[in-house]
Amino acid sequence: MTSIDLDARLDPRELRNALGRFATGIAVVMAKDSEGPMGVTVNSFSAVSLDPPLILFCMARSLHSLERLEKAKAYSVNILLEHQKEISNRFARAGEDKFADTPCADGRLGEPRLESAHAVFECVPYAHYDGGDHVIFVGRVVHMHTDGEGDPLLYYRGSYRLLASLMQDS
């Protein structure tokens, strides 16, 4: 039997490049507390369960607003459309008013959400888990919107990508 060295170190840049070979969608997570609204761009989003309806996303422990997000009573996960690159870029940066000139509405739980997105999941916290240098957030979906029309904003190998084509039934 081969032993595995769990303490072996992988080169972080090489690992990041290898992980980047998995194409992902882009989402913006938004919440609000007594300090005001907060939001951050993520590409670590996944469905977890249909019954109960659960989703997950991951946040770096270095995120300035991580503690606020961990205490949020509700949040929205907004799946971006391909023309929303500027929103993705805005919410990926720290230190600016991310909500200025961002068309938002209040969700049913009082959390901010984008007025237009490919899909919006309004959630209450279900669980938080240790994910190494990240925190894994699991949210219970209590409401959703699928009003946005168009193709999703994708990220692959370090840059935005467009959906090349949709397969059509012959």
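Report on the accompanying structure. (Residues numbered from 1 in each chain as written. Predicted model: local features only at pLDDT ≥ 70, side-chain atom pairs only at ≥ 80, totals over all residues. Heavy atoms only, no water.)

Here the structure, examined in full by the defined rule, presents 8 salt bridges. The shortest N-O distance in the salt bridge between Asp106 and Lys32 comes to 4.0 Å. In this pair, Asp106 sits in strand β7 (residues 104-106) while Lys32 sits in strand β2 (residues 27-33), placing the two residues 74 residues apart along the sequence. Residue classification places Asp106 among the exposed residues on the basis of a relative accessible area of 59%. The partly exposed category is assigned to Lys32, whose relative accessible area is 39%. (Salt bridge = Lys/Arg side-chain N within 4 Å of Asp/Glu carboxyl O. Helix = DSSP H or I, 4+ residues; strand = E, 2+ residues; numbered from the N terminus. Buried < 20%, exposed > 50% of the residue type's maximum accessible area, 1.4 Å probe, protein only.)

Buried within helix α3 (residues 85-92) we find Ile87, Ser88, Arg90 and Phe91. Viewed end-on, α3 has its buried residues packed into an arc of 165 degrees, placing them on one side of the element. Close packing links the buried residues of α3 with β2, β3 (36-42), β8 (112-114) and β12 (159-161). (Arc of directions from axis to C-beta. Contact = heavy atoms within 4.5 Å.)

Our focus in this paragraph is the packing of aromatic side chains. Per the counting criterion, the structure on display carries 5 aromatic pairs. Aromatic side chains Phe91 and Phe99 sit 5.2 Å apart centroid to centroid with 90 degrees between the ring planes, which places their arrangement in the edge-to-face category. This pair shows no difference in class: Phe91 is buried, exactly as Phe99 is. In textbook terms, an aromatic cluster arises when at least three aromatic residues are bridged by ring pairs, as seen for Phe57, Tyr75 and Phe137. (Phe/Tyr/Trp six-rings, centres within 6.5 Å; stacked < 30°, edge-to-face > 60°.)

Right, let's talk about the sheet that holds strand β10 (residues 134-145) for a bit. Reading across the sheet, the 7 strands line up as β3-β2-β6-β9-β10-β5-β4 and stay open at both edges, with antiparallel pairing between neighbours. Only two strands of the sheet have a single partner each, and these edge strands are β3 and β4 (45-50). Strand-to-strand twist across the sheet, computed as the mean angle between neighbouring axes with direction ignored, equals 35 degrees. Across 5 bridges, strand β6 (residues 75-79) lies against strand β9 (residues 119-131) in antiparallel orientation. Paired with Ser76 across the two strands is Glu122, which belongs to β9. On top of the sheet, α3 reaches β2 and β3; it is set at about 110 degrees to β3, its chief contact. (Pairing = 2+ DSSP bridges. Axes fitted to C-alpha atoms, helices over the stretch in contact; angles between N-to-C directions.)

Side chains on a regular strand alternate between the two faces of the sheet. With 5 bridges connecting them, β4 and strand β5 (residues 53-60) associate as antiparallel partners. Following the sheet pairing, Ala47 is matched in β5 by Ile55. Adjacent in sequence and paired antiparallel, β4 and β5 are bridged by 2 residues. Strand direction decides the pairing type here: β5 and β10, joined by 7 bridges, are antiparallel. Residue Leu54 lies in a different strand from β10, and its bridge partner there is Arg140.

On to unusual backbone geometry, then. That bond from Asp51 to Pro52 is cis: its omega, 5 degrees, falls within 30 degrees of zero. For Pro52, the position within the fold is in the loop between β4 and β5. Within the chain, Asp101 stands out as a residue other than glycine whose phi angle is a positive 65 degrees. As for its position among the elements, Asp101 is in the loop between α3 and β7.

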